[in-house]
Amino acid sequence: MRSLSVAARRLAALCLGLSLCACGAEAPATEDRTEIALIVYGDVVMTMDVDGTEIADGAVAIDDGAIIAVGTASEIDATFTAADTVSGDGRVVMPGLVNGHTHAAMSLLRGIADDLELIEWLERFIFPAEVAVVDEEFVRIGTRLACWEMIRGGTTSFVDMYYFPDAMAEETLACGLRGVIVPSVIEQKSPDAETGAESLAQAVDFVRRWRDRDGRIIPAIGAHSVYTLSRPRLEEIQAAAAAEGVPVSIHVSESAFEIQVTAANHGMTPVELLDDMGYLDLPLIAAHMVYPSESDMALLAEHGVGVVHNPTSNMKLASGVSPVAAMLEAGVRVGIGTDGAASNNDLDMWEDVRLAALLSKVSTGDPTALPARQVLDMATRSGARAIGLGELVGQLVPGKRADVIQVDLTELDASPRFDAASHLVYVTDADDVVTTIVDGQVLMREREIPGMDAEALRRDVAQWRERIIAATGGPAQAARNESP
Ligand SMILES: [Zn+2]
């Protein structure tokens, strides 16, 4: 009798355990569950962890800005009760996208100078237009416009190289996104400095003021490129970043022109020149990397440099095709970026995710290059690592900050669905994102962004359009057509 009774009790305990965890029976009483801030549900939770774990009928538990648990909806419901929930029917939950290279405020120059080659675009139009029109208010409104677009499209972290970094950082904080804020140093007069020396001094001041101010703002220093800066200035920037212990973001090996000019001036490739100056020992975010040599790739891999691939910008400026598959094969960390809206002309990461996949296939002649899950990884976990945020974000695992998005895949143009990763790469665009969460804060819910006044923003942007036309004479395409 006694042994039977023990067996019976064990059976009862087993049944209880099953009903709590796996059978989908009613959740236990509220008082038995931990109260947390937020639970986000999804038909599929793509954790983007190292094993590529995907959970059907999953949920992500969030509290105090961090992910505290990821599991099936029934497991999460059995353990937690939340003050706020986001339902997940027909939706994929995944980490927010990481835009590894942009110039947010240049959203105000969207479409000002199209159909031009990089150097002509930069030197004849963008640099003069910036000196003529970019001030602190331009950066505020331009960054705000970019933030709206990034939240709308599910980008949660971005690397922003531009001028007036306090305005960049303040707007990023205000809109709720996470940003690596990079004051860009160039040799000549820039919108916020008369000289390269002044620009660098301001960048260092900015880093010191913002270093520990808020976990969502990561200050860094920007070197525009090896072809727009003298070697002494590049050395000063490297020394300043090393002394301050912050990353450097730079455009590298972006065009054939850059390769030629660097060889002529320095007798090296841009990557070799950066190595020679100690840049590869810094946390380095190297945007573009269209023309790395084989030995460059080995150096980039060996030093853990974060490369950011910008397929739309590289295609639009005809800069060339970055050998992404070869870099990945060589062990280089590669993320994805949009570049600024003056050379894209939007900040839709889904477009760059899709183009990264397609461009790799057509350029290698290998349709298996950059399969869907790998390119999604470049936009999330690996992209976060490439910009130095791998400890914080990029995957849905306990302990990471809660940067989470939901993508709706119920529309007819996303039907039928056999594989979520396939749809996310080859079908999804910004409009399909329904929820954007950063640091546990819901910035967009059911496609609405309550923290931003879209109508006021629209008015401000319209006013800036008039000012830009007055200051620059209007779009560069027209100017070029009139010139001999
Ligand atoms: Zn750029």
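Along each chain, numbering runs from 1 in the same order as the chain's sequence is written. Given that this is a predicted model, residues contribute local features only at a pLDDT of at least 70 and side-chain atom pairs are listed and counted only at 80 or more, while totals for whole chains, interfaces and linings are drawn from all residues.

Participant: Kindly report on the overall build of the chain, identifying the contributing residues and their values.
Facilitator: The helix and strand labels rest on DSSP assignments: H or I over at least four residues marks a helix, E over at least two residues marks a strand, and numbering proceeds from the N terminus. Secondary structure assignment for the chain yields 18 helices and 17 strands. Each radius of gyration is computed over the set of C-alpha atoms, and the globule rule expresses the reference value as 2.2 Å times the number of residues to the power 0.38. Here the C-alpha atoms of the chain give a radius of gyration of 24 Å, agreeing with the 23 Å that 2.2 N^0.38 yields for 484 residues. Expressed as lengths along the three principal axes of its C-alpha atoms, the size of the chain is roughly 100 × 50 × 45 Å. For the chain, buried positions account for 52% of its 484 residues. To sort residues by burial, count the other C-beta atoms lying within 10 Å of each one's C-beta; a count of 20 or more means buried, 12 or fewer means exposed, and anything in between means partly exposed. C-beta atoms are built from the backbone.

Participant: Can you lay out the environment of D403 for me, pointing to particular residues and giving the numbers?
Facilitator: Tracing the backbone through its elements, the reader meets D403 in the loop between α15 (381-386) and β15 (404-408). C-alpha separation for the pair D403 and T436, spaced 33 residues apart in sequence, amounts to 7.7 Å. Other than its neighbours up to four places away in sequence, D403 contacts P95, G96, T156, S157, R178, V393, I437, V438 and D439. Note on contacts: residues are paired as contacts if their backbone-placed C-beta atoms lie within 7 Å.

Participant: Got a sec to walk through the packing of helix α4 (residues 136-153) against helix α17 (residues 454-472)? Specific residues and values, please.
Facilitator: Helix axes are fitted only over the stretch in contact, all axes being lines through C-alpha atoms; the angle between N-to-C directions runs from 0 to 180 degrees. Contact geometry for α4 and α17: axes closest at 10 Å, N-to-C directions at 130°. Relative to α17, the element α4 lies oblique. For the element pair α4 and α17, the recorded crossing hand is left-handed. Touching F138, I141, R144, L145 and W148 of α4 are A454, L457, D460, V461 and W464, all from α17. Partitioning the contact of α4 with α17 into residue classes produces 8 nonpolar, no polar and 2 charged. With respect to orientation, any angle under 35 degrees is reported as roughly parallel, any angle over 145 as roughly antiparallel, any angle of 65 to 115 as roughly perpendicular, and every other angle as oblique. The handedness criterion is simple: a crossing whose near helix is rotated anticlockwise from the far helix by less than a right angle is left-handed, and one whose near helix is rotated clockwise is right-handed. In this count, Pro and Cys sit with the nonpolar residues alongside Ala, Val, Leu, Ile, Met, Phe, Trp and Tyr, while Asp, Glu, Lys and Arg are called charged and the others, Gly among them, polar.

Participant: Tell me what's going on with unusual backbone geometry, and back it up with residues and numbers.
Facilitator: Look at the link from N344 to N345: it is a cis peptide, with omega at 10°. Within the secondary structure, N345 sits in the loop between β14 (333-336) and α13 (349-364). With omega at -5°, the peptide bond leading from S415 into P416 counts as cis. With a phi close to 65°, D339 is a non-glycine residue in the positive phi region. Examined against the element boundaries, D339 turns out to sit in the loop between β14 and α13. Accessibility expressed as a C-beta count within 10 Å gives 29 for D339, which makes it buried. Unlike most non-glycine residues, L370 shows phi in positive territory, near 45°.

Participant: With reference to specific residues and values, describe the packing of helix α6 (residues 196-210) against helix α7 (residues 231-244).
Facilitator: Direction vectors running N to C along α6 and α7 enclose 10°, while the axes themselves pass 11 Å from each other. By the angle between their axes, α6 is roughly parallel relative to α7. Across from G196, L200, V204 and V207 in α6, the residues of α7 making contact are R233, E236, I237, A240 and E244. A breakdown of the residues in the contact of α6 with α7 according to their chemical character gives 5 nonpolar, 1 polar and 3 charged.

Participant: Give me the nonpolar core: which residues, what numbers.
Facilitator: If you look at the biggest cluster of nonpolar residues, it comprises 148 residues, and the most contacted ones within it are V40, V60, I221, V248, A286, V307 and V353. Among the elements that take part in this core, α4 stands out by supplying 9 residues, more than any other. Note on terminology: a nonpolar core is a set of buried residues of type Ala, Val, Leu, Ile, Met, Phe, Trp, Tyr or Cys, with members joined through C-beta atoms within 7 Å.

Participant: Give a detailed account of the environment of D77, specifying residues and quantitative values.
Facilitator: Secondary-structure assignment places D77 in helix α2 (residues 73-79). Separated by 16 residues in the primary sequence, D77 and A61 place their C-alpha atoms 9.2 Å from one another.

Participant: Account for the confidence of the model for the chain, naming residues and giving values.
Facilitator: Within a predicted model, pLDDT stands for the predictor's per-residue confidence, ranging from 0 to 100. Scored by pLDDT, the chain has a mean of 92; 93% of the residues are at 70 or more. Low pLDDT, under 50, characterises residues 1-25; the stretch is placed with 7 contacts to residues that sit more than four places away or in other chains.

Participant: Can you lay out α6 for me, pointing to particular residues and giving the numbers?
Facilitator: Two residues of an α-helix separated by three or four positions point the same way, owing to the 3.6 residues in each turn. Look at α6: 21 Å from first C-alpha to last across 15 residues, which is about the 21 Å you get at 1.5 Å a residue. If you follow the buried residues of α6, they end up packed against α5 (165-175), β8 (178-185), β9 (217-219), β10 (221-225) and α7. Helix span is expected to be 1.5 Å times the residue number reduced by one.

Participant: Could you give an account of the pairing of strand β11 (residues 248-252), naming the residues involved and the relevant values?
Facilitator: Across the 5 residues of β11, 5 count as buried, placing the element largely inside the fold. Neither face of β11 is open: one carries V248, I250 and V252, the other S249 and H251, and all of them are buried. The pairing criterion is simple: DSSP has to find at least two bridges between the two strands. With 4 bridges connecting them, β10 and β11 associate as parallel partners. Bridge pairing links A223 to I250 in β11. Here a crossover is taken to be right-handed if, once the strands point away from the viewer, the path from the first strand over the helix to the second is traced clockwise. Taking the sense of rotation as the criterion, the β-α-β connection linking β10, α7 and β11 turns out right-handed. Of the strand pairs in this sheet, β11 and strand β12 (residues 284-288) are connected by 5 bridges, and their pairing is parallel. Its bridge partner lying in β12, V252 is registered against H288.

Participant: Account for the environment of V185, naming residues and giving values.
Facilitator: In this fold, V185 is placed in strand β8. On the basis of neighbour count, V185 is assigned to the buried category, with 31 C-beta atoms found within 10 Å. When the C-alpha positions of V185 and R231 are compared, they lie 13 Å apart, and in sequence the two are 46 residues distant. Those residues in contact with V185 that lie beyond four places of it in its chain are G196, S199, L200, A203, I221, G222, A223, H224 and I237.

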